[in-house]
Amino acid sequence: MQKEPAKERIILGIDPGTVVLGYGILKEVNKKISLITLGVIKMGHLDDHGLKLQRIFKKTSALIAEYKPDCVALEAPFYGKNIQVMLKLGRAQGVAMAAALNADIPIFEYSPRKIKQSVTGNGNASKEQVAAMLQTLLSFKETPEFLDATDGLAVAVCHAFQQNQSTGGKNYSGWEAFVKDNQKRIR
């Protein structure tokens, strides 16, 4: 009997920002995820918004060229108190999307609440709680300098989990129950 070939894909997750953009890259083989890399693109030193957008496009394009993701998942901007901030975040997200689309890579978008819910089981989790859960899930010890990096990684994990929802519609009462039923998905 011949074995079915492993289903493998690379997912680039992006947490858009105009001062710091976070990203995380996962490898998924047969629904098991493992960390490739995570990091940030810093733009605080740039005064011009156009230069920040150009940097986002160039750096995102470079990540795509280096890691060749099969898809890009992005965190959707959310409305806070300042509409100008939301506009700038929307532009940053749009430029990252354009880099992916320019390389013919499909894009997916998730709300911050959906990402947190997917990773921690709590849609109101803090950045620190998300980072701690990712360290447990993906077995990495080092704490990134910026939580934006783990936020980008969380988007990739959320996408992997959304695409793998072959749980037969099962609902879980908490994170422990989910992890117990899904040991095969964690490396």
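Residues numbered from 1 in each chain as written. Predicted model: local features only at pLDDT ≥ 70, side-chain atom pairs only at ≥ 80, totals over all residues. Heavy atoms only, no water.

1. Overview of the overall build of the protein chain
1) Next: Scanning the protein chain from terminus to terminus reveals six helices and five strands.
2) Next: Listing every helix and strand of the protein chain by position from the N terminus yields β-β-β-α-β-α-β-α-α-α-α.
3) Next: Buried positions account for 44% of the 187 residues belonging to the protein chain.
4) Next: Taking the contacts inside the protein chain whose residues are at least 6 apart along the sequence as the reference set, 60% of them involve residues at least 24 apart.
5) Next: Surface accessibility of the protein chain: about 10,300 Å² in total, with carbon and sulfur atoms responsible for 52%. (Helix = DSSP H or I, 4+ residues; strand = E, 2+ residues; numbered from the N terminus. Buried < 20%, exposed > 50% of the residue type's maximum accessible area, 1.4 Å probe, protein only. Contact = heavy atoms within 4.5 Å. Areas by Shrake-Rupley, 256 points an atom, 1.4 Å probe, with all protein chains shown as cover.)

2. Considering the pairing of strand 1 (residues 8-15)
1) Next: Most of strand 1 is tucked away, with seven of its eight residues classed as buried.
2) Next: As paired strands, strand 1 and strand 2 (residues 20-29) are joined by eight bridges and run antiparallel to one another. Along strand 2, the bridge assignment pairs Gly13 with Gly24.
3) Next: Counting the residues between successive antiparallel strands, the hairpin from strand 1 to strand 2 contains four residues.
4) Next: The pairing of strand 1 with strand 4 (residues 71-75) spans four bridges and is classified as parallel. Among the inter-strand pairings, Ile11 is bridged to a residue of strand 4, identified as Cys71. (Pairing = 2+ DSSP bridges.)

3. Side note on the confidence of the model for the protein chain
1) Next: Confidence in the prediction of the protein chain, expressed as mean pLDDT, is 87, and 83% of residues score 70 or more.
2) Next: Mean pLDDT across the elements of the protein chain ranges from a minimum in helix 6 (residues 175-181), with 65, to a maximum in helix 1 (residues 49-67), with 97. (pLDDT = per-residue confidence, 0-100.)

4. Regarding the environment of His45
1) Next: Turning to its location among the elements, His45 is positioned in the loop between strand 3 (32-42) and helix 1.
2) Next: A relative accessible area of 56% means that His45 is categorised as exposed.
3) Next: Placed 26 residues apart in sequence, His45 and Val19 show a C-alpha to C-alpha distance of 8.2 Å.

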